Every structure is written in C-alpha cells, then in structure tokens.
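The lines below spell out each chain.
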Amino acid sequence: MTDVSRNTFHDPEYYMRQALRQAQEAASRGEVPVGAVVVWNQRIIARAYNQVEQLKDGTAHAEMIALTQACAAVGDWRLNECSLYVSKEPCAMCAGAMVNCRLGKLVFGCADPRMGAAGGALDITGFAGMLHRVPVESGLLAQECAEILQDFFRQRRQ
C-alpha cells in the first residue's frame, strides 16, 4: 500500500493519527493492531500495518513494511532524512532495521516494556556499539495507541 500523501501538515499528532488509522486497519483484518507511517520532507511516503497473519510471515511487521516502502520512495536504503511514526514501541527486529536504514527519527505511541527495543526492554536504537543511533520520541498519543491494542486483545480473549 504505497500511497504517497501530498499533505503539508507539520503536526506530529497528525502523523501519529495516520499510523493509528493503519493500526485500525490491521485490527479489522485480525492482525495485531500496529500501524506505521514514514514522513519525508513533511509528506507521508509510506503507510503500513501488521500483516503477519495475512502474509504468513513473522517479519511482516508494520515498521518493516513501511521501511521497505520508504526506501523505494526515497530511492536509497538510507532514510536519514525520514521519520517513522508507529503506534507501539518497535521490537528488536524492527529497531535493528531502523538502525540499519539510518532512520532519521522514530516517534512511537505506547511503550512496550516487555518486548520494546527503543528504550523499553532493550535500547537497540540508542545502543552505543551501533554504527547509527536513532533519535527517539515516545508517548505521542500513548493512551489512544494503548487502547487499540488493549481492545484487540480483550476481544480475542472473549
């Protein structure tokens, strides 16, 4: 879903709301509701949601798909001028991909103290031994981001 938006919004909350829309799409498809968007030059160049079940691929996380789309849009594997907005703190795999892509900035909604790798359980994005450190902002619309996950898992348990 490589829909390049022509918006001129500069508000981080707007971008996180777009990531939340992607998370809602994931939930509607029975996927863990995580959504992501990548912003470059104040435009959304990638949108993605978790597709692990749909694609039968454990690596089909929203962040991984969005990073792949962003690299195609930018025309380079280096995303140092891009920001990724994601509804939940990334796991170790996704955080590692962000480091490898030289991501310019990560903004996430709710923390994941058990599996998060951007300062939660681990800090891959800021690990001193890495060739690149990704600046991280956390907590943007955290309550809304957490609620969509909580609602999803509450419904699954019923």
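A few points on the structure. Residue positions are counted from 1 within each chain, in the order its sequence is given. Local features are withheld for residues below a pLDDT of 70 in this predicted model, meaning they are given only at 70 or higher, and side-chain atom pairs are given and counted only at 80 or more; totals for whole chains, interfaces and linings count all residues. Think of the side-chain values as coming from all heavy atoms in the structure, minus any hydrogens and water.

This brings us to the packing of helix 1 (residues 12-28) against helix 5 (residues 142-157). Every angle, taken between N-to-C directions, lies between 0 and 180 degrees, and every axis is a line fitted to C-alpha atoms, over only the stretch in contact when it is a helix. We count a stretch as a helix when DSSP gives it H or I for four or more residues in a row; a strand needs E for two or more, and each element gets its number in order from the N terminus. The contact between helix 1 and helix 5 brings their axes to 10 Å, and the two run at 5 degrees. On the basis of their axis angle, the class for helix 1 and helix 5 is roughly parallel. Packed against helix 1, whose contacting residues are Met16, Arg17, Leu20, Ala23, Gln24 and Ala27, the element helix 5 presents Glu144, Cys145, Ile148 and Phe152 at the interface. Here the contact of helix 1 with helix 5 is composed, by residue class, of 7 nonpolar, 1 polar and 2 charged. In this scheme, roughly parallel covers angles under 35 degrees and roughly antiparallel covers those over 145, while 65 to 115 is roughly perpendicular and the rest are oblique. In this description, contact between two residues means that some pair of their heavy atoms is separated by no more than 4.5 Å. When residues are sorted by character, Ala, Val, Leu, Ile, Met, Phe, Trp, Tyr, Cys and Pro go into the nonpolar class, Asp, Glu, Lys and Arg into the charged class, and all the rest, Gly among them, into the polar class.

Along any regular strand, the residues point their side chains to alternate faces of the sheet. Buried, partly exposed and exposed residues are distinguished by accessible area as a fraction of the type maximum, computed with a 1.4 Å probe on protein chains only: under 20%, between the cut-offs, and over 50%, respectively. With 5 of 6 residues buried, strand 4 (residues 105-110) lies mostly within the body of the structure. One ladder, built from 5 bridges, connects strand 3 (residues 82-88) with strand 4; its direction is parallel. Each bridged residue has a counterpart across the sheet, and for Ser83 the counterpart in strand 4 is Lys105. Handedness rule for crossovers: strands pointing away from the viewer, path from the first strand over the helix to the second running clockwise, crossover right-handed. Chirality of the crossover, the property in question, places the unit of strand 3, helix 4 (residues 92-100) and strand 4 among those that are right-handed. Summarising the sheet, strand 4 and strand 5 (residues 136-138) pair through 3 bridges and their orientation is parallel. Each bridged residue has a counterpart across the sheet, and for Phe108 the counterpart in strand 5 is Ser138. Paired strands, in this sense, are two strands between which DSSP finds at least two bridges.

We now examine the nonpolar core. Only buried residues count toward a nonpolar core, which is a set of Ala, Val, Leu, Ile, Met, Phe, Trp, Tyr and Cys residues joined through side-chain atoms within 4.5 Å. One finds Val38, Leu79, Leu84, Met98, Leu103 and Leu106 to be the most contacted residues of the largest nonpolar core, which totals 47 residues. Where this core is concerned, the elements lending two or more residues are helix 1, strand 1 (35-40), strand 2 (43-49), helix 3 (62-74), strand 3, helix 4, strand 4 and helix 5. With 6 residues, helix 3 is the single largest residue contributor to this core. Leaving out residues up to four positions away in the same chain, Leu103 has contacts with Leu67, Leu79, Asn80, Cys82, Leu84, Met98, His132, Val134 and Pro135.

Moving on, we get to the state of the cysteines. Pairs of cysteine sulfur atoms within 2.5 Å are identified as disulfides in what follows. Tallied over the full model, the rule gives 0 disulfides. Free cysteine Cys71: the closest other cysteine sulfur is in Cys101, separated by 4.2 Å. Here Cys110 is not disulfide-linked; the sulfur of Cys145 is the nearest cysteine sulfur, at 5.6 Å. Cys110 sits in the buried class, given a relative accessible area of 8%.

Treat this as a map of the structure, not an account of what it does.
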